[in-house]
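Notes for the structure review
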Amino acid sequence: MSGRITVLRLGHRPLRDKRITTHVCLVARAFGADEVVLTERDDALERNIRGVVKRFGGDFALRIDPRSHKRILADFPGMVAHLTMYGEPYAAAVPRLRDARDLLVVVGAEKVPGDLYDLADVNLAVGNQPHSEVAALAVLLHALRPEALSKPVQGELRIEPAARGKVVKPGAP
Ligand code: SAM
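All residue numbers here refer to positions counted from 1 along the written sequence of the relevant chain. With the structure being a predicted model, the display of local features is reserved for residues of pLDDT at least 70 and the display and counting of side-chain atom pairs for 80 or more, all residues being used for whole-chain, interface and lining totals. Side-chain numbers here rest on the full set of heavy atoms in the structure, without hydrogens or water.

A few words on the overall build of the protein. Numbered from the N terminus, helices here are DSSP runs of H or I no shorter than four residues, and strands are runs of E no shorter than two. From N to C terminus, the protein includes six helices and eight strands. Taken from the N to the C terminus, the helices and strands of the protein come in the order β-α-β-α-β-α-β-α-β-α-β-α-β-β. The C-alpha radius of gyration computed for the protein amounts to 16 Å, which stays within 12% of the reference 16 Å derived for 173 residues, consistent with globular compactness. A principal-axis box enclosing the C-alpha atoms of the protein has dimensions of 50 × 35 × 30 Å. Relative accessibility under 20% of the residue-type maximum defines a buried residue, over 50% an exposed one, and the middle range a partly exposed one, all with a 1.4 Å probe and only protein chains included. By residue count, 46% of the 173 residues in the protein fall in the buried class. A separation of at least 24 residues holds for 79% of the contacts in the protein among residues at least 6 apart in sequence. Note that accessible areas follow from Shrake-Rupley with a 1.4 Å probe, and for residues the cover is restricted to the protein chains shown. Counting every atom, the protein has about 9700 Å² of accessible surface; 55% of that belongs to carbon and sulfur. Separation between the mean location of the 26 positive side-chain charges and that of the 21 negative ones in the protein comes to 6 Å. For a compact globule the rule gives 2.2 Å times the number of residues to the power 0.38, and the radius of gyration it is set against comes from C-alpha atoms. Any two residues having at least one pair of non-hydrogen atoms within 4.5 Å are treated as being in contact. Under this rule, positive means Lys or Arg and negative means Asp or Glu; His and the chain ends count for nothing. Lysine's charge is taken at NZ, arginine's at CZ, aspartate's at CG and glutamate's at CD.

A few words now on the layout of surface pockets. There is about 770 Å³ of room inside the largest pocket. Lining the largest pocket are 25 residues, with Arg29, Ala148, Lys151, Pro152 and Val153 sitting closest to its centre. Broken down by secondary-structure element, the contributors of at least two residues to the lining of the largest pocket are helix 1 (14–30) and strand 7 (157–159). Only Asp, Glu, Lys and Arg are considered charged in this grouping, and only Ala, Val, Leu, Ile, Met, Phe, Trp, Tyr, Cys and Pro are considered nonpolar; every other residue, Gly among them, is considered polar. For the lining of the largest pocket, the residue count by class is eleven nonpolar, seven polar and seven charged. Residues are said to line a cavity or pocket when one of their atoms sits within 4 Å of a point; the points come from a 1 Å grid over protein atoms alone, cavities being sets where a 1.4 Å probe fits but cannot get out and pockets being open sets with protein on both sides within 12 Å along at least five of seven lines. Grid points are joined across faces, edges and corners, and a volume is the space filled by probe spheres set on the points. Each pocket or cavity is described by its volume, and for the second largest pocket that value is around 480 Å³. Along its surface, the second largest pocket is lined by 23 residues, and Leu83, Thr84, Met85, Ala109 and Glu110 are the ones closest to its centre. Looking at the lining of the second largest pocket, the elements with two or more residues in it are strand 4 (79–89), strand 6 (122–125) and helix 6 (133–144). Classifying every residue of the lining of the second largest pocket gives twelve nonpolar, eight polar and three charged.

So, about the pattern of salt bridges. Salt bridge criterion: a side-chain nitrogen from Lys or Arg within 4 Å of a carboxyl oxygen from Asp or Glu. A full pass over the atoms with the stated rule returns 19 salt bridges. When the shortest N-O distance is used, the salt bridge between Glu35 and Arg4 registers 3.9 Å. Within this pair, whereas Glu35 is found in strand 2 (residues 35–38), its partner Arg4 is found in the segment before strand 1 (5–9), the two being separated by 31 residues in sequence. What emerges from the salt-bridge pattern is a single network uniting Arg13, Arg16, Asp17 and Glu110.

Among the buried residues, those of types Ala, Val, Leu, Ile, Met, Phe, Trp, Tyr and Cys that are joined through side-chain atoms within 4.5 Å form a nonpolar core. Counting residues in hydrophobic clusters, the biggest one holds 37 residues, and the most contacted among them are Val7, Val36, Leu83, Leu97, Leu103, Leu137 and Leu144. It is helix 6 that contributes the most residues to this core, eight residues altogether. Setting aside residues no more than four positions away along its own chain, Leu144 makes contact with Met1, Ile5, Val94, Leu97, Arg98 and Leu103. With twelve residues, the next largest nonpolar core counts Leu10, Val37, Val106 and Leu116 among its residues.

Okay, the site of the ligand next. Any residue with a heavy atom positioned within 4 Å of a molecule or strand is treated as near that molecule or strand. Taken together, 19 residues lie near the ligand, and Leu83, Ala109, Glu110, Gly127 and Gln129 sit nearest. The side chain of His131 places a nitrogen or oxygen atom 3.1 Å from a nitrogen atom of the ligand. One nitrogen or oxygen atom from the main chain of Glu133 is found 3.1 Å from an oxygen atom belonging to the ligand. Starting from 570 Å² of accessible surface for the ligand in isolation, the protein chains cover 83%. Occupancy of a cavity or pocket is assigned to a molecule whenever over half of its atoms lie within 2 Å of that pocket's grid points. Among the cavities detected, the one that contains the ligand is the second largest pocket. Looking at the shell around the ligand residue by residue, the classes come out as ten nonpolar, six polar and three charged. Polar contact is the term for a pair of N or O atoms within 3.5 Å; when the atoms are in protein, one must be able to donate a hydrogen and the other to accept it, and sequence-neighboring residues count only if both atoms are side-chain atoms.

Bear in mind that shape data such as this cannot, by itself, settle questions of function.
Following this line, the structure appears as structure tokens:
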């Protein structure tokens, strides 16, 4: 899809969710989202993600928006897709999402606010079993931007695919 993909990570608790939220950001970047929005500031996490972007490149942004989810969703100019195990099968919605100019993908942490199910344009499930926001996000993004995983990005470092070992080269100037 050609519009912007923003991921809204709701309910990040800096002490408990540091690792999972970091993985949400890393997956969002690697699988082709344009930015992640957190509603809570977390300096260590921001430093970590900005470091990855600096070393490995890309236009990916991490933004803090302390407003309520209601305000963020109300002001979003495109389509809002909430990932939840209670939703409709995601695959059927992919063509509609691809047509959206901009897309906001919402993922939760422990429990999302109940009104989110009504505020979202679509509630989408990646299978109707409980698993993880990281997995659900990866699957949806891969359906929307399959090219992202093999697209070259410009950074300080570049990993060269290798059958064995680690081959890391300087990124192209
Ligand atoms: N029990 C929590 C609830 O009812 O909101 C869900 C916790 S789950 C660990 C955290 C997030 O993972 C959810 O908010 C949702 O975004 C995502 N998730 C988990 N399973 C999913 C599934 N099967 N399909 C889509 N998203 C899923």
